[in-house]
Amino acid sequence: MSRNRCDGLLAKVDFPLYTLQTLTDRHVLVAGGGGASNTGVANGFEIFELSYNGTKFVAEEVMRYETGPNVVMTCSVQNVEDRIYLAAGQESHCQLYKVNVKMVDPAEMRRGSFRAENGLVRRRRTVSENDNISKNSGPEKRMSFEIRPCDSVQTDFGKDPLQRVVTISHDGKLMATGGVDGKVRLWSFPKMQLLFELNGHTKELDDLDFSPCSKQLVSIAKDGLLLVWNAKTGGAPQMKLSCPETHGGRYLFRRCKFGAIEDVKGKYRMFTIANPLTRSGKARGLLQQWEPVSGQVCRTVVVAESLSALAVRDDGRYVGVGTMFTGSIHIYVAFSLQRVYHVSGAHGMFVTGVQWARAASLPHCEAALLSISVDNRLVVHTLPSPGSMPAWVAVLLIIFVLFCTFCLCSYLGI
């Protein structure tokens with residue numbers, strides 16, 4: 001499926017992007033930066049509001065929060081007891097932020113700008129007579145945010161400590177972190193008190209993810225192992241897997257994600273992407289679906305290049321993948337791994353993150369995948385709603401039906 005008219009550049013910021021999260025049904029958060037070196041490139045977060053203008057999706061900047069010399073390489077967002085928390089990896093520590101929601105008049109919101117699709121600077125719209133303003137109630141309130149730093153804990157203790165990944169459980173009670181020292185650490189959340197230190201990997205962590213029921217945790221590292229843990233009790237890993245040799249060589253896991261099974265409560269799948277261990281020859285990535293109880297590979301898809309990012313939609317229906325070299329995006333049906341979308345060169349450099357937009361913000365399409373890269377761009381990729389068709393196809397179909405009707409009437413002498 002080729003790019004459709006809803007797809008394209010949503011925003012371009014002034015720093016490299018490394019992590020992407022959905023904040024609400026209509027808001028997304030991107031983060032990254034230029035690091036501690038004195039390059040003049042900022043570090044921090046930006047929040048955008050997504051909307052549909054009748055022909056395409058657009059994004060408006062809501063707020064920006066800078067983190068000083070600390071680049072944000074990874075983060076996780078969770079709503080706990082009606083409060084939004086943001087856990088961000090900053091060097092050897094995990095910094096917790098509380099995200100407060102505010103309803104404000106449009107005129108009170110900070111005026112932001114970003115590079116729009118046409119390359120021009122787009123400003124937030126101002127209040128006009130068409131903005132549902134009543135004489136008595138004043139302008140319609142809009143959602144804004146306030147980010148406040150809370151606790152910070154050291155989560156990695158290697159020689160050159162660096163937290164590489166953080167994730168919060170779906171029930172909001174646990175947080176898992178991993179870094180270059182090869183330890184998986186489980187913390188209570190949002191208090192961030194250390195519960196378990198899980199030993200099983202010998203090299204730095206690459207990815208972590210909680211199962212939909214929050215009872216299991218999957219981890220992968222550069223030692224080539226995939227480990228499944230009991231997130232409630234800790235202890236030894238419940239399962240130890242390595243990527244099977246295929247296509248004439250060894251592969252290493254790159255990312256891992258659990259995914260719900262659509263319309264089946266309490267059951268889930270596990271997905272991984274893997275890249276060749278050696279760089280000789282043409283690199284081909286693997287997208288694999290696993291049975292999480294038996295540890296058996298259910299399906300494998302070979303992709304023409306190395307892979308860098310993976311996301312499974314909350315309902316378990318679709319899987320999104322980003323690539324290393326061409327900045328391409330692929331979308332697959334989760335249960336069959338049939339590819340339904342591909343666009344090459346969506347980004348100018350490797351894809352650093354993909355995330356599914358929430359269904360409530362998608363009135364005009366079946367699904368929307370957001371992607372980011374170190375090229376500073378936030379891009380949207382959409383699947384049309386079932387049964388929908390482009391306008392030109394509908395026009396051709398109407399002309400064809402009228403032509404057939406005319407021919408039939410002529411043949412019958414009517």
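Residues numbered from 1 in each chain as written. Predicted model: local features only at pLDDT ≥ 70, side-chain atom pairs only at ≥ 80, totals over all residues. Heavy atoms only, no water.

1. Comments concerning the overall build of the protein chain
Okay, so step 1: Broken down by element type, the protein chain carries one helix and 30 strands.
Okay, so step 2: A total of 414 residues make up the protein chain; the buried ones form 51% of that total.
Okay, so step 3: Within the protein chain, counting contacts between residues at least 6 apart in sequence, those at least 24 apart form 51% of the total.
Okay, so step 4: Of the roughly 19900 Å² that the protein chain leaves accessible, carbon and sulfur atoms contribute 52%. (Helix = DSSP H or I, 4+ residues; strand = E, 2+ residues; numbered from the N terminus. Buried < 20%, exposed > 50% of the residue type's maximum accessible area, 1.4 Å probe, protein only. Contact = heavy atoms within 4.5 Å. Areas by Shrake-Rupley, 256 points an atom, 1.4 Å probe, with all protein chains shown as cover.)

2. Some points on the UniProt feature "repeat: WD" (unreviewed entry) in the protein chain
Okay, so step 1: In the numbering used here, UniProt assigns the feature "repeat: WD" (unreviewed entry) to residues 166-197 and 198-239.
Okay, so step 2: The span residues 166-197 is 0% helical and 56% strand by assignment, and the distance between its end C-alpha atoms comes to 14 Å. (UniProt positions renumbered as here; feature names shortened; annotations may be inferred.)

3. A few points about a nonpolar patch on the surface
Okay, so step 1: Taken together, the side chains of L408, Y411, L412 and I414 define a hydrophobic patch exposed on the protein surface, amounting to about 540 Å² of accessible area.
Okay, so step 2: As for its placement among the helices and strands, I414 is situated in the segment after helix 1 (391-412). (Patch = residues over 30% accessible without salt bridge, like charges linked within 9 Å, V, L, I, M, F, W, Y side chains within 5 Å. Salt bridge = Lys/Arg side-chain N within 4 Å of Asp/Glu carboxyl O.)

4. Some details on the sheet that holds strand 27 (residues 339-343)
Sheet strands pair via backbone hydrogen bonds, and the direction of the pair is either parallel or antiparallel.
Okay, so step 1: In spatial order, the strands read 24-25-26-27; together these four strands make up an open sheet with antiparallel pairing. Edge positions in the open sheet fall to strand 24 (307-312) and strand 27, since each of these has one partner strand only. Here the strands of the sheet are splayed against their neighbours by 15 degrees on average, with no regard to which way each runs.
Okay, so step 2: Two strands pair when backbone bridges link them, and strand 25 (residues 318-323) and strand 26 (residues 329-333) are joined in this way by five bridges, in the antiparallel orientation. From the neighbouring strand, G320 faces strand 26, where its bridge partner is I331. (Pairing = 2+ DSSP bridges. Axes fitted to C-alpha atoms, helices over the stretch in contact; angles between N-to-C directions.)

5. Considerations on the pattern of salt bridges
Okay, so step 1: Taken as a whole, this structure holds 16 salt bridges when the rule is applied.
Okay, so step 2: Of the charged contacts in the structure, one is a salt bridge between D25 and R358, with a shortest N-O distance of 3.8 Å. One end of the pair, D25, is in the loop between strand 2 (17-22) and strand 3 (27-33); the other, R358, is in the loop between strand 28 (351-356) and strand 29 (367-373), with 333 residues separating them in the sequence.
Okay, so step 3: The closest approach of N and O atoms between E366 and R317, which form a salt bridge, is 2.8 Å. Of this pair, E366 sits in the loop between strand 28 and strand 29 while R317 sits in the loop between strand 24 and strand 25, placing them 49 residues apart in sequence.

6. As for the sheet that holds strand 17 (residues 216-221)
Okay, so step 1: If you trace the four strands from one edge of the open sheet to the other, you get 16-17-18-19, paired in antiparallel fashion. In the strand order of this sheet, the two ends are held by strand 16 (205-210) and strand 19 (239-242), each with one partner. For this sheet the average axis-to-axis angle between neighbouring strands, irrespective of direction, equals 15 degrees.
Okay, so step 2: Judged from the four bridges that link them, strand 18 (residues 225-230) and strand 19 form a sheet pairing that is antiparallel. Its bridge partner lying in strand 19, V228 is registered against M239.

7. Points about the side chain of S219
Okay, so step 1: One can find S219 in strand 17.
Okay, so step 2: Relative accessible area serves as the criterion here: at 0%, S219 is assigned to the buried category.
Okay, so step 3: At 2.9 Å, the side chain of S219 and the side chain of W229 are in polar contact.
Okay, so step 4: Apart from the residues within four sequence positions on either side, S219 is in contact with V184, H201, L205, D207, L208, L225, L226, L227, W229 and C256. (Polar contact = N/O pair within 3.5 Å; in protein donor to acceptor, adjacent residues only side chain to side chain.)

8. A look at the environment of V80
Okay, so step 1: Within the secondary structure layout, V80 lies in strand 6 (residues 74-80).
Okay, so step 2: Residue V80 is classed as buried on the basis of its relative accessible area, which comes to 11%.
Okay, so step 3: For V80 and D171, which are 91 residues apart along the polypeptide, the C-alpha to C-alpha distance reads 7.8 Å.
Okay, so step 4: Contacts of V80, omitting those with residues within four sequence positions, involve Y85, G172 and F189.

9. Looking at the nonpolar core
Okay, so step 1: With 20 residues, the main nonpolar core has L10, L20, V28, V30, F48, L370 and L378 as its most contacted residues.
Okay, so step 2: Where this core is concerned, the elements lending two or more residues are strand 1 (8-12), strand 2, strand 3, strand 4 (43-52), strand 5 (57-66), strand 29 and strand 30 (377-383).
Okay, so step 3: Take this core: its biggest share by element is three residues, from strand 29.
Okay, so step 4: If near-sequence neighbours (up to four positions away) are discounted, V28 is found in contact with L20, Q21, T22, L23, E46, I47, F48, L50, L370 and L378.
Okay, so step 5: In this structure, V62, C75, Y97 and V99 belong to the second largest nonpolar core, which totals 17 residues. (Core = buried A, V, L, I, M, F, W, Y, C linked by side-chain atoms within 4.5 Å.)

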